[in-house]
Amino acid sequence: MTNADLNTLALGSDLTTLGLNLNSSECLYSTFASPWAEAPITREPQFSLPLCYYMQPPPLKTSHLSKFQLETLFYIFYAMPKDVLQAYAAQELYNREWQYHQDLKLWQYI
């Protein structure tokens, strides 16, 4: 074949020109970034996290639950079983005159 593009398409590319050591006993995919990368990939990505990721959120106070909508309280009650927040959500629902029917396992408004 005289056309270089057709030759590459038919026969493929020499992988050693891409920076791959085919005689290595290690896995090739761990260092191969892409055919367009100038250097092999490093093991750990080079980045730094913003400081806000290291901050702890303030603890949820039970007084915050009085500001939540009913849908949020029901979500907390049903989505967090055997959690302290489930008990707090139940207490807030009782404060808003809702009762839990233990046989039917649902909340009823009085």
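Residues numbered from 1 in each chain as written. Predicted model: local features only at pLDDT ≥ 70, side-chain atom pairs only at ≥ 80, totals over all residues. Heavy atoms only, no water.

### A look at the overall build of the protein chain
Check the secondary structure of the protein chain and you find three helices and two strands. Counted from the first residue to the last, the protein chain has its helices and strands arranged as α-α-α-β-β. By residue count, 13% of the 110 residues in the protein chain fall in the buried class. Expressed as a percentage of contacts within the protein chain between residues at least 6 apart in sequence, the contacts between residues at least 24 apart total 24%. Summing over all exposed atoms, the protein chain offers an accessible surface of approximately 9,700 Å²; the carbon and sulfur share of this is 57%. (Helix = DSSP H or I, 4+ residues; strand = E, 2+ residues; numbered from the N terminus. Buried < 20%, exposed > 50% of the residue type's maximum accessible area, 1.4 Å probe, protein only. Contact = heavy atoms within 4.5 Å. Areas by Shrake-Rupley, 256 points an atom, 1.4 Å probe, with all protein chains shown as cover.)

### Focus: unusual backbone geometry
The backbone of lysine 82 sits at a positive phi, close to 60°, despite the residue not being glycine. One can find lysine 82 in the loop between α2 (70–79) and α3 (84–95). Lysine 82 sits in the exposed class, given a relative accessible area of 86%. One non-glycine residue, glutamate 97, lies in the positive phi region at around 70°. By secondary structure assignment, the location of glutamate 97 is in the loop between α3 and β1 (98–101).

### Considering the pairing of strand β2 (residues 106–109)
Successive side chains on a regular strand alternate, one facing one side of the sheet and the next facing the other. Judged from the four bridges that link them, β1 and β2 form a sheet pairing that is antiparallel. Residue glutamine 99 lies in a different strand from β2, and its bridge partner there is glutamine 108. Connecting β1 to the antiparallel partner β2 that follows it, the hairpin turn spans four residues, and lysine 105 within it adopts a positive phi of roughly 55°. (Pairing = 2+ DSSP bridges.)

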